[in-house]
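The chain contents come next:
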Amino acid sequence: MAAEETVRRLDLPVAGPSSSSSVLIGAGRLDDPPADLLELIEGRQVFVLTSAELVPLLRKRLATLLEAAGAIVELDDVPDGEDAKTVAVAGGLWERMLAEGGKRDSLLVTLGGGSIGDLGGFVAGCFLRGIDFIQVPSTLLAQVDASIGGKTAVDLPGGKNTVGRFHHPRFVVADTTLLATLPSGELRSGLVEAIKMAALLDVPMFERLEAKLDDCLAGDAEVLAQVVADSARAKCLVVEQDPEERLGRRQVLNFGHTLGHAIEKELGYGVLRHGEAVAYGMLFAVRLAQRLGLLGGDLAPRLHRMLKRLEMPALPTSELAVEPLIETMAKDKKALASGLVWVLPRALGADALKRVDSDVVRSELAPFLDDPWALPSGG
């Protein structure tokens, strides 16, 4: 992706005591932290939240970043994946932080994927009414999407991300060398989120992804740094326009998520990775857009080809049914009293937000579950 120089730092203006949330991007960024990041850490008590399997990575790769800390407390016993995102896990962390002498000027650092980041941001945002935190995302999905924008949350049995708040990290350090050992499924999941943003927000980025997708899947750190930079820039522009999703513009980032979240919930978290479920949600949104007469251009075939190249696991449609999916979507955290607002594609680089009658959604879900990869009529 030599079409442009990789952006190494983006500063996102945010409301609150800090004037910005800074995203640091590139191979080796953990070994080259800027002076203002080191000054933020210097002399402070730092809680490091991660999973047990990432402790060796923490001690090896975060040494330079944390050497100026006054004290370090490792919170390394949280579960993996969505199992980490519960009120009980958050409560246990707050108790531990309090027992360790946590204060208003303590700092929390998260190392892990999107679930660790969501949990850590929520814990930091509520502890003593809010402390600073830094995200070190270790998966591609977290680097391109989950770590940016200030959304933090835990789950309830009735739905994903249903208890949360906006709390922006002071810094996000997206070091793409951390991605070298990721399994192909994790790279695939993150690339879906990058494709999601490119399809509706940045056509040149979409074209670069088409050209370099094989290098991305091979884990090329420099190529992935460009993907992360493109994605972060696109997301920052949207978040800056609509920081707390009140104006409608930020909803474009939910392309594929309405059905995707329902698929995750109905199958059980972990059967499909988040990005894989979102990919099927995007395919359904394309079908819905065609049904409503919105879809134009060559978005449908190009998006289908790109997602097929990721060689995703098949959607286990025998374990899914229309009515439970409809009921789960009705409980989605993005639902309004007047119904669900769908993010539907019109063409590459263009979207539409539409309230769609549940009967229309129901009528399209049945054939979708029969063949999720069928191109919509006229697509």
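Attention here is on the structure that accompanies the text. This one's a predicted model, so the numbers in the text were calculated from it and none came from an experiment.

The rules behind the values
Residues numbered from 1 in each chain as written. Predicted model: local features only at pLDDT ≥ 70, side-chain atom pairs only at ≥ 80, totals over all residues. Heavy atoms only, no water. Helix = DSSP H or I, 4+ residues; strand = E, 2+ residues; numbered from the N terminus. Rg over C-alpha atoms; globule rule 2.2 N^0.38 Å. Buried < 20%, exposed > 50% of the residue type's maximum accessible area, 1.4 Å probe, protein only. Contact = heavy atoms within 4.5 Å. Areas by Shrake-Rupley, 256 points an atom, 1.4 Å probe, with all protein chains shown as cover. Polar contact = N/O pair within 3.5 Å; in protein donor to acceptor, adjacent residues only side chain to side chain. Phe/Tyr/Trp six-rings, centres within 6.5 Å; stacked < 30°, edge-to-face > 60°. Pairing = 2+ DSSP bridges. Axes fitted to C-alpha atoms, helices over the stretch in contact; angles between N-to-C directions. Core = buried A, V, L, I, M, F, W, Y, C linked by side-chain atoms within 4.5 Å. Salt bridge = Lys/Arg side-chain N within 4 Å of Asp/Glu carboxyl O.

Looking now at the overall build of the protein. Regarding its fold elements, the protein presents 14 helices and 11 strands. For 379 residues, the compact-globule estimate of 2.2 N^0.38 gives 21 Å, and the C-alpha radius of gyration of the protein, at 20 Å, lies within 12% of that figure. Expressed as lengths along the three principal axes of its C-alpha atoms, the size of the protein is roughly 60 × 45 × 35 Å. Evaluated residue by residue, the protein yields a buried proportion of 58% over its 379 residues. The long-range fraction of contacts in the protein, counting pairs at least 24 apart against all pairs at least 6 apart in sequence, stands at 77%. Entry remark: accessible area of the protein is about 14,800 Å², with carbon and sulfur atoms responsible for 50%.

Here we come to the side chain of His257. Position of His257 relative to the elements: it lies in helix H10 (residues 257-267). In this structure the side chain of His257 is engaged in a polar contact, spanning 3.2 Å, whose partner is the backbone oxygen of Phe255.

Glancing now at the packing of aromatic side chains. A complete count under the given rule lists four aromatic pairs for this structure. Pairing Tyr280 with Trp373 gives two aromatic rings, centres 5.9 Å apart and planes at 70°, and the pair type is edge-to-face. Remark: Trp373 occurs in the segment after helix H14 (358-370) and Tyr280 occurs in helix H11 (residues 274-291); sequence separation between them is 93 residues. An angle of 70° between the planes, with centres 5.3 Å apart, marks the rings of Phe284 and Phe368 as edge-to-face. A residue pair is termed long-range when its members are at least 10 positions apart, and Phe284 in helix H11 and Phe368 in helix H14 qualify at 84 residues. For Phe368, a relative accessible area of 0% puts it in the buried group. One aromatic cluster in this structure is built from Phe284, Trp342 and Phe368.

In this fold, Leu344 is placed in strand S10 (residues 341-347). Spatially, the C-alpha atom of Leu344 lies 9.3 Å from that of Leu200, the residues being 144 residues apart in sequence. Here Leu344 is in contact with Ala285, Leu288, Ala289, Leu292, Leu294, Asp351, Ala352, Lys354 and Val356, once residues within four sequence places are set aside.

Reading across from one edge, S1-S2-S9-S6-S5-S3-S4 is the order of the seven strands in this open sheet, with mixed pairing throughout. Two strands bound the open sheet, and with one partner strand each, they are strand S1 (9-13) and strand S4 (71-78). Looking at each pair of strands side by side, their axes are set apart by 15° on average, direction ignored. Relative to the sheet, helix H4 (residues 87-99) contacts strand S3 (45-51), S4 and strand S5 (107-112), its axis offset from that of S4 by approximately 155°. The strands touched by helix H5 (residues 114-126) within the sheet are S3, S4, S5 and strand S6 (132-137), with S5 carrying the most contacts at an inclination of about 170°.

Summarising burial for S10: five of the seven residues are buried, a large majority. Pairing between S10 and strand S11 (residues 350-355): six bridges, direction antiparallel. In the sheet register, Ala347 faces S11, and the bridge partner there is Ala350. With antiparallel pairing between neighbouring strands as the criterion, S10 and S11 make up a hairpin whose turn holds two residues, including Gly349 at a positive phi of roughly 85°.

Let us now look at the side chain of Arg250. Its place among the elements puts Arg250 in the loop between helix H9 (221-241) and H10. Looking at Arg250, its side chain comes within polar contact range of the main-chain oxygen of Gly149, at 2.9 Å. In this structure, Arg250 is in contact with Ile148, Gly149, Gly150, Lys151, Phe166, Val238, Val239, Asp242, Pro243, Glu244 and Glu245, ignoring residues within four places of it in sequence.

On the secondary structure map, Glu82 appears in the loop between S4 and H4. With a relative accessible area of 16%, Glu82 lands in the buried category. Measuring from C-alpha to C-alpha, the distance between Glu82 and Leu119 comes to 9.4 Å, with 37 residues separating the pair along the chain. Excluding residues that lie within four positions of it along the chain, Glu82 makes contacts with Ser115, Asp155, Lys160 and Tyr269.

The biggest cluster of nonpolar side chains holds 81 residues, and the ones touching the most others in it are Leu209, Leu259, Ile263, Trp342 and Leu365. Looking at this core, the element that brings in the most residues is H11, giving 11 residues. Counting 21 residues, the second-largest nonpolar core is a separate cluster that includes Leu54, Leu58, Leu107 and Val173.

Glancing now at unusual backbone geometry. A positive phi is found at Asn161, a non-glycine position, where the angle reads about 60°. Looking at where Asn161 falls in the secondary structure, it is placed in strand S8 (residues 159-166). Look at Asn161 and you get buried, because its relative accessible area is 16%.

Bringing the pattern of salt bridges into the picture now. Under the counting rule described, the total for this entry stands at 32 salt bridges. Ionic pairing is found between Arg8 and Asp32, a salt bridge with its closest N-O pair at 3.4 Å. One end of the pair, Arg8, is in the segment before S1; the other, Asp32, is in the loop between strand S2 (20-25) and helix H1 (35-41), and 24 residues separate them in sequence. Arg8 gets classed as partly exposed once you look at its relative accessible area, which sits at 38%. Judged by its relative accessible area of 42%, Asp32 falls in the partly exposed class. For Asp31, the salt bridge is made with Arg61, and the minimal N-O distance between the two is 3.3 Å. Separated by 30 residues along the polypeptide, Asp31 in the loop between S2 and H1 and Arg61 in helix H2 (residues 55-61) bring together distant segments of the chain. Judged by relative accessible area, which is 13%, Arg61 ranks as buried.

Function-wise, these values are silent; they only describe arrangement.
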